[in-house]
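Summary of the model geometry
The lines below spell out each chain.
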Amino acid sequence: MFHSGCVYIPSEVLHSKNASAGVSSPIKKLVVCHKSQKSFDRSTRRASRSTQQIWASYVDAENECTVSDVYLLSESNTNSSMQDRLAKEFESTAACVPVEMPKNMVNVIKFHADSKEDGLNVMFVDLNLFSTKDNAASVSDIQTLMDCIGTLVKKKRTLMHVKSDAISSAIASMLSDGKKDKSQCINGEELKTFLSGQEQAIIKSHLTGDLIRRLNKKNVAKNCPLTNHPARFIQCSLDTDERKEICRFYNYDEERGCLRSIKAQRNSNLKGCDMDHEHCHRCGCEGHRAFECTSDVTVDTNTSLMFQKAEDGKITATSLDGDDFKSSKPSDVPVPSLLVLGGRCRGRTLNSCEFLPLSPYAGGWTALPNLQEHRGSHAACSPKGTGVVFVMGGGGVDGNLDTVELLDLQTSHPQSVSDGKEFKWSIMSDRLSSARHAFGAVCVTNEDTHTSFAVGGWMYGTKSCESMEKLSFKASQSCSELDLQKGARWEKCSPILTPRRLHSVAASVDGSSIFVFGGYIDERKVTSSIESYDVKADCWSATDELPYPEKSCPLVQAVPDWSPDAENSFLIFPYSDSNANEPCKPTVLRYIPNSPEKFVPVVVPNVDDTGIVNLEMPIKNWHSFSATVSPSLRTAYVVGGLIDSKWTGRGFLLDLTTMKWQELPEMSLPRRRLTALVIE
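Residues numbered from 1 in each chain as written. Predicted model: local features only at pLDDT ≥ 70, side-chain atom pairs only at ≥ 80, totals over all residues. Heavy atoms only, no water.

Moving on: the overall build of the chain. Each helix and strand counted, the chain has 10 helices and 47 strands in total. Long-range pairs, those at least 24 residues apart, make up 60% of the contacts in the chain between residues at least 6 apart in sequence. When the accessible surface of the chain is split by element, carbon and sulfur atoms take 46% of a total near 31600 Å². (Helix = DSSP H or I, 4+ residues; strand = E, 2+ residues; numbered from the N terminus. Contact = heavy atoms within 4.5 Å. Areas by Shrake-Rupley, 256 points an atom, 1.4 Å probe, with all protein chains shown as cover.)

In structure tokens form, the structure reads like this:
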């Protein structure tokens, strides 16, 4: 399938006005590449008519083509609907055809549409099925897979619809160089050469002499500029705190620079790069890039910086890394305190942590020891009264994590934090059952036993996780005892009914139940379902649906409702973004299970009796924040995330007695996909 007689085109051109014939040499096989499930699924609709149109546009407009056989190899959850459509379209029953793949036999569904031997074969193949956990198929794997599937049609004329992240990405890069004609056709030999070149990593940096790789969609390359160099910024003006990130691809990729910016210059319909292309990422000066920089820079190359230009033109740099403000640590972490852990900041996965004393906010945010692993979209929890913090899973620098880190604040008191001997994160000897991110965690205390639960998540590709597991320990056990005691193990619980990710997890006030709210089922579909877990019975049940339209249900953060007179209810804080075009701030809801009116707006107490006022979120277009609650202070906290699609370090507290918002001091680092919790 990678030869000159096979031509590849991106699926986008089929629906554009520029779709036209452009293949000069005779071809036997035409491959349409789809980068999304939606596009791939769409290709099976009215497949007979669209096949003739595509073949006429790109191959042979003079002779009518007749479809002979149709083949389907897709995901099991979409296979049924596609199979039904194709069977109806071609008025044929399905039959299984075994195809020998490199590691196993795969059954391809075949439809016999016409008896003509010289007819056109049509294939629908999802190559992403053969990607391994957390890794895309290699170039050699893709070639082998395409050749194996090609044995079904041999030398016959074939139109193949292929869903492949690797091939779609390669074609997009090849077409961006401006050398292709309007037909946007690429022959198989060209594609094979390009894919092989990508795998060899041929770019060299004059600054370090190390090979540079770009980020692969599913596997973070170790020598990518985003991995090797921290985020750095230039202050836009001396009169404002506004800053702009300096583009690392522009600065360190000598051969290609910033492809996003180059593509936008060639196509006005594409969005360009929003980052700075005028300043050096290494020294902050204008007029050259980092690989050309000869300045005598003494700052650590692994430090995130803010460059500022004074009136005399001198460039100064201020550190933005948590490592550089460790000296401001207090003698201990007061209780209660709000902790924020890890997250993502402008293309960088963080390991920095900080805390804010809650009574009062003396001194603002202060650094905690850094996590041993960088984590984003992870989960965290802390059993009340233990001083033990669990941080688990998440997306790391090189893929999903299954490790669990512990920080014991209790055994370090009143020891000075600044000595750095005992006060640090340690990795548990036992791990989660699978590496995943975008999941939730919660702690429940019953009698003298504390139990931490990890629920759901995103494993790899389109796969959401149904797993739930728990770690139980006695209230008297310290963090060090947990790590040394070999009996402390994660145990599997009953799985959730609907696998999901980016959902919210919260325990009821009485600790008898755990609830999951909303989330994504796959890359396209959001669920509004609420499920509850009976802690003693170890069973899940479908409870309710979030009161939002099914097709536009927002992601939410839910916390147990510790407001006065509340009984086992929850507060729901919905995400919102600038794409929703909502005229007002979203309303905060109260969810009361097992009641006639389950969802009600939270009402702000009005001492003047001037009317009912519903509680709204403090900011519009706020997304990817983290929410937590302090039972002792009767206060909820919402921090971090994106505001108007920009990273933020802002946060707010909600007094659950007055239902009034109050802004918190800003975190030292803006971050999204973080975790926040209160130590009590």
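Following the sequence through the fold, V604 ends up in strand β38 (residues 603–604). For V604, a relative accessible area of 14% corresponds to the buried category. Here V604 is in contact with V613, N614, L615, T658, M659 and K660, once residues within four sequence places are set aside. (Buried < 20%, exposed > 50% of the residue type's maximum accessible area, 1.4 Å probe, protein only.)

Taken in spatial order, the 4 strands line up as β41-β42-β45-β46 in an open sheet, and their pairing is antiparallel. Only two strands of the sheet have a single neighbouring strand rather than two, namely β41 (626–630) and β46 (660–663). The mean angle between the axes of side-by-side strands here comes to 25 degrees, regardless of whether they run parallel or antiparallel. (Pairing = 2+ DSSP bridges. Axes fitted to C-alpha atoms, helices over the stretch in contact; angles between N-to-C directions.)

So, about the packing of aromatic side chains. Taken as a whole, this structure holds 15 aromatic pairs when the rule is applied. Residues F515 and F570 carry aromatic rings whose centres are separated by 4.9 Å and whose planes lie at 55 degrees to one another, so their mutual orientation is tilted. Taken together, the residues F515 in strand β31 (residues 513–517) and F570 in strand β35 (residues 570–574) connect sequence positions 55 residues apart. Residues F652 and W661 carry aromatic rings whose centres are separated by 6.4 Å and whose planes lie at 85 degrees to one another, so their mutual orientation is edge-to-face. Accessibility classification places F652 together with W661 in one group, the buried group. Aromatic ring contacts, followed pair by pair, group F573, Y575, W622, F625, F652 and W661 into a single cluster. Above the face of the Y250 ring, R289 is positioned so that its terminal group lies 4.9 Å from the ring centre. The ring of W458 carries the charged tip of R501 above its face, separated from the ring centre by 3.7 Å. (Phe/Tyr/Trp six-rings, centres within 6.5 Å; stacked < 30°, edge-to-face > 60°. Lys NZ or Arg CZ within 6 Å of the ring centre and 35° of its normal.)

Our focus in this paragraph is empty space enclosed by the protein. Applying the stated criterion across every chain, the model contains 2 cavities of 30 Å³ or more. Estimates place the volume of the second largest cavity at around 40 Å³. What lines the second largest cavity is A231, F233, S304, C345, R348, L350 and L669. Per-class residue counts for the lining of the second largest cavity are 5 nonpolar, 1 polar and 1 charged. (1 Å grid on protein atoms, 1.4 Å probe; cavity = no way out; pocket = protein on both sides within 12 Å on 5 of 7 lines; lining within 4 Å. Points joined across faces, edges and corners; volume = space filled by probe spheres on them. Nonpolar A, V, L, I, M, F, W, Y, C, P; charged D, E, K, R; others polar.)

Right, let's get into the confidence of the model for the chain. Predicted confidence across the chain gives a mean pLDDT of 80, with 79% of residues reaching 70 or more. Throughout residues 132–136 the model reports pLDDT below 50, and contacts reaching past four residues in sequence, or to other chains, amount to 12 contacts. In this model residues 199–222 is a low-confidence stretch, pLDDT under 50, and it forms 64 contacts with partners more than four residues away in sequence or in other chains. (pLDDT = per-residue confidence, 0-100.)

Right, let's talk about the sheet that holds strand β19 (residues 388–392) for a bit. The antiparallel open sheet is built from 4 strands, whose spatial order is β18-β19-β22-β23. In the strand order of this sheet, the two ends are held by β18 (379–381) and β23 (426–427), each with one partner. Two elements, β18 and β19, share 3 bridges in a ladder whose sense is antiparallel. Note on β19: the bridge partner recorded for C381 is F390.

Tallied over the entire structure, the rule returns 15 salt bridges. Ionic pairing is found between R248 and E245, a salt bridge with its closest N-O pair at 2.9 Å. For R248, a relative accessible area of 2% translates into the label buried. Residue E354 pairs with R671 through a salt bridge whose shortest N-O separation is 2.7 Å. (Salt bridge = Lys/Arg side-chain N within 4 Å of Asp/Glu carboxyl O.)

With that settled, the discussion passes to the nonpolar core. Ranked by internal contacts, the top residues of the largest apolar core, which has 26 residues, are Y8, M123, L127, I167, I171 and L191. Those elements that provide at least two residues to this core are β1 (6–10), β2 (29–34), β3 (67–73), β6 (120–126), α4 (139–150), β7 (158–163), α5 (165–175) and α6 (188–200). A total of 5 residues in this core trace back to one element, the largest contributor, which is α5. Listed in part, the 25 residues of the second largest apolar core include L502, V588, M617 and A627. (Core = buried A, V, L, I, M, F, W, Y, C linked by side-chain atoms within 4.5 Å.)

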